[in-house]
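So the chains spell out like this:
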Amino acid sequence: FSVGLYYLKTISSKDSYTWKWIKNITGIGCCACAVILAFQAAKNTIGMHQTESLWLHDYQEALHLAQQEGKKVFIDIGAPYCSLCTAIDTTLFADHQVQTNLQKDFICLKIDGSSNSCIKEIEKNCKILGFPTILVMDPSSNKVIKKWQSELYGVDSNDFIKDLQELKHLNY
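Residues numbered from 1 in each chain as written. Predicted model: local features only at pLDDT ≥ 70, side-chain atom pairs only at ≥ 80, totals over all residues. Heavy atoms only, no water.

A. The arrangement of helix H3 (residues 59-69) in detail. Considered for burial, the residues of H3 that qualify are Tyr59, Ala62, Leu63 and Ala66. In an axial view of H3, the angular spread of the buried residues amounts to 100 degrees, which keeps them on one side of the axis. Between the side-chain oxygen of the N-cap and the backbone nitrogen of glutamine 60 there are 3.2 Å, and the N-cap of H3 in question is aspartate 58. The first or second residue beyond H3 is glycine 70, which carries a positive phi of 65 degrees. (Buried < 20%, exposed > 50% of the residue type's maximum accessible area, 1.4 Å probe, protein only. Helix = DSSP H or I, 4+ residues; strand = E, 2+ residues; numbered from the N terminus. Arc of directions from axis to C-beta. Polar contact = N/O pair within 3.5 Å; in protein donor to acceptor, adjacent residues only side chain to side chain.)

Structure representation (structure tokens):
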């Protein structure tokens, strides 16, 4: 922003028409880019905080809360180095309607599979072959109701929400 202001401030009557034009365009362009970048940074920061508040990170806490509230557990198992995990997190799970449906109907648990010890507890009930692995579990029986892997990459959020609506009514 300051570079743009510098160019706009240094325009003088001694400058040629061309040089004034260049300083104006450069100054306005730099200021506009700074405002756009600041807006995007704020938007991304707010979006990340909203997404983070959706997820619990403790398996036992999620099971206990799901049993108390009569909800199923939605588990997202990934790793920081997994590009598909990141892509699903920043597209599908960042969608406001998906977040709303998950928060309303499920207890959501995000697990870093590369460092979390509760993976062993989950592996007792479901074979985890790699990342991403996304599960819906019945907390009372610990049975896996639905399992997704990379097929969620690029899935339409409306189709995913329909799947979630069907899953919340299944009993095992």
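B. Here's a closer look at a negative patch on the surface. On the surface, a cluster of negative charge is made up of Asp156, Asp159, Asp163 and Glu166. Tracing the sequence through the fold places glutamate 166 in helix H7 (residues 157-169). We classify glutamate 166 as exposed; its relative accessible area is 55%. (Patch = residues over 30% accessible without salt bridge, like charges linked within 9 Å, V, L, I, M, F, W, Y side chains within 5 Å. Areas by Shrake-Rupley, 256 points an atom, 1.4 Å probe, with all protein chains shown as cover. Salt bridge = Lys/Arg side-chain N within 4 Å of Asp/Glu carboxyl O. Lys, Arg positive; Asp, Glu negative; His and termini not counted. Charge placed at Lys NZ, Arg CZ, Asp CG, Glu CD.)

C. Structural view of the nonpolar core. Formed by 19 residues in total, the largest nonpolar core has its most connected members in Phe74, Phe93, Leu102, Phe106, Trp148 and Phe160. Looking at this core, the elements with two or more residues in it are helix H5 (96-105), strand E2 (106-112), strand E3 (133-138), strand E4 (143-148) and H7. Here the element with the most residues in this core is H7; it accounts for 4 residues. Residues Tyr59, Leu63, Val73 and Ile77 belong to the second largest nonpolar core, which totals 15 residues. (Core = buried A, V, L, I, M, F, W, Y, C linked by side-chain atoms within 4.5 Å.)

D. The packing of aromatic side chains, seen in detail. Scanning all chains against the criterion turns up 9 aromatic pairs. For the pair phenylalanine 74 and phenylalanine 93, a centre-to-centre distance of 5.7 Å together with 85 degrees between the ring planes defines the contact as edge-to-face. With phenylalanine 74 in strand E1 (residues 72-78) and phenylalanine 93 in the loop between helix H4 (83-90) and H5, this residue pair connects regions lying 19 residues apart in the sequence. Like phenylalanine 93, phenylalanine 74 is buried. The buried category is assigned to phenylalanine 74, whose relative accessible area is 0%. Grouping aromatic residues by their ring pairs yields a cluster made of Trp55, Phe74, Phe93, Phe106, Trp148 and Phe160. (Phe/Tyr/Trp six-rings, centres within 6.5 Å; stacked < 30°, edge-to-face > 60°.)

Remember that the coordinates give geometry; whether it matters functionally is a separate question.
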